[in-house]
Amino acid sequence: MTSHPFGTGWRFGPASADSDRPEFDDSGFAEVTLPHTVVPLSWRDWDPTEWERIWTYRKRFDAPSGAEHGRVFLDFAAAMTRATVTLNGAEMADHLGGYLPFSVEVGSQLRARGNVLAVRLDSTFNLNVPPDRPAPEPATSVDYWQPGGIYRDVRLRVVPQAFLADVFAKPVSVLDPAARQVVVQATVDAAAGLTGPAHVAVRLLGDGGEIAAARVPVAIAGPGRVTVTATLSGLEGVRLWDIDDPALYTVAAALRVDGKRVDEHRVRTGFREARFALDGFYLNGRRVKLFGADRHQ
């Protein structure tokens, strides 16, 4: 997998009936770099009517290296509020919601050179999408409020035809050394049926190298996703994550097809038990006094 920054070279302006078309003349649009908000902001004197409109972001680009053999995704960390993504005049995705990331596979419309990407961004008031709220709550409140814009990063990602779309590692029974495990769920996304025997190999890695390993077979007959589960055990010697010793380990998952590694995905994890009881918070069985601050979003 390769991931490319995609935040420069954008043009931005008000949407029109044809502003998502490749031939649209965007020479009058402003040149912007993402992340970006549609209006200048200050802590005071916000005017929601200035951003509650429909906008267009446009970008011209060539296909990245390796795109001819792999699959290409656009990863949006967030866009407020409704984003319609169009590539070379074809609508690729319509995402509603301003706080969660979303990905768009664009390889079917991607050209080697001269691609035109347009994102139509509807930032108007929408009761079905947070943070918008019904009366009598004022729209001028800054509580959980985020003005319109592609206000987080965007990246272009090239992956193999079959790749690990997600790896989730969950430590269990962490306070019992004999029963301690890591349950790993690996999701394989394939554009077509796999061409040979396949499996996911999972390893737990620490500072001294490999601590535990497991493998689980994968069967995909056609395009789609499948999630497999591997369990890592024999973890008596790992250190627990604690306030004064935030020990972390790496879970490395590799997808192998017909004996060849086609993709790898790594996540970090720590071993700890965190729970709330009637008399307070307990970390690894020890009561800990919590002090904190509230930071929205």
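Everything below is about the structure printed above this text.
Residues numbered from 1 in each chain as written. Predicted model: local features only at pLDDT ≥ 70, side-chain atom pairs only at ≥ 80, totals over all residues. Heavy atoms only, no water.

### Here's the deal with the environment of Leu 283
And step 1. Note on placement: Leu 283 falls in strand S19 (residues 280-283).
And step 2. Assessed through its relative accessible area of 4%, Leu 283 is described here as buried.
And step 3. Placed 42 residues apart in sequence, Leu 283 and Trp 241 show a C-alpha to C-alpha distance of 9.3 Å.
And step 4. With residues up to four places along the chain from it excluded, the contact list for Leu 283 reads Trp 241, Asp 242, Ile 243, Arg 272, Glu 273 and Val 288. (Helix = DSSP H or I, 4+ residues; strand = E, 2+ residues; numbered from the N terminus. Buried < 20%, exposed > 50% of the residue type's maximum accessible area, 1.4 Å probe, protein only. Contact = heavy atoms within 4.5 Å.)

### Concerning the sheet that holds strand S17 (residues 260-269)
And step 1. With respect to topology, four strands assemble into an open sheet ordered S14-S13-S16-S17, the strand pairing being antiparallel. Looking at strand neighbours, the two that pair on one side only are strand S14 (209-218) and S17, the edges of this open sheet. Averaged over all pairs of adjacent strands, the angle between their axes in this sheet comes to 20°, without regard to strand direction.
And step 2. Where strand S16 (residues 249-257) and S17 come together, nine bridges link them in antiparallel fashion. Paired with Arg 256 across the bridge in S17 is Arg 261. (Pairing = 2+ DSSP bridges. Axes fitted to C-alpha atoms, helices over the stretch in contact; angles between N-to-C directions.)

### Re the pairing of strand S13 (residues 198-206)
And step 1. Alignment of S13 against S14, held across nine bridges, turns out to be antiparallel. Its bridge partner lying in S14, Gly 206 is registered against Gly 209.
And step 2. With eight bridges joining them, S13 and S16 adopt antiparallel strand pairing. Among the inter-strand pairings, Ala 198 is bridged to a residue of S16, identified as Val 257.

### So, the packing of aromatic side chains
Aromatic rings in a pair are described by how distant their centres are and how their planes are angled relative to each other.
And step 1. Counted according to the given criterion, the structure contains ten aromatic pairs.
And step 2. Between Phe 12 and Tyr 57 the ring centres are 4.8 Å apart and the planes differ by 40°, which places this aromatic pair in the tilted class. Taken as a pair, Phe 12 in strand S2 (residues 10-14) and Tyr 57 in strand S4 (residues 54-61) lie far apart in primary sequence, 45 residues in all.
And step 3. The positively charged end of Arg 275 is found above the aromatic ring belonging to Tyr 282, 4.7 Å away from the centroid. (Phe/Tyr/Trp six-rings, centres within 6.5 Å; stacked < 30°, edge-to-face > 60°. Lys NZ or Arg CZ within 6 Å of the ring centre and 35° of its normal.)

### A closer look at the pattern of salt bridges
And step 1. Using the criterion set out here, one finds 17 salt bridges in the structure.
And step 2. Close ionic contact of Asp 189 with Arg 225 constitutes a salt bridge, the shortest N to O distance being 2.9 Å. Of this pair, Asp 189 sits in strand S12 (residues 181-190) while Arg 225 sits in strand S15 (residues 224-232), placing them 36 residues apart in sequence.
And step 3. Taking the relative accessible area as the measure of exposure, Asp 189 reaches 9% and is therefore buried.
And step 4. In this structure, the salt-bridge partner of Glu 264 is Arg 266, at a minimum N-O distance of 3.4 Å.
And step 5. The partly exposed category is assigned to Glu 264, whose relative accessible area is 29%.
And step 6. The structure contains a network of salt bridges with shared partners spanning Arg 71, Glu 105, Asp 189 and Arg 225. (Salt bridge = Lys/Arg side-chain N within 4 Å of Asp/Glu carboxyl O.)

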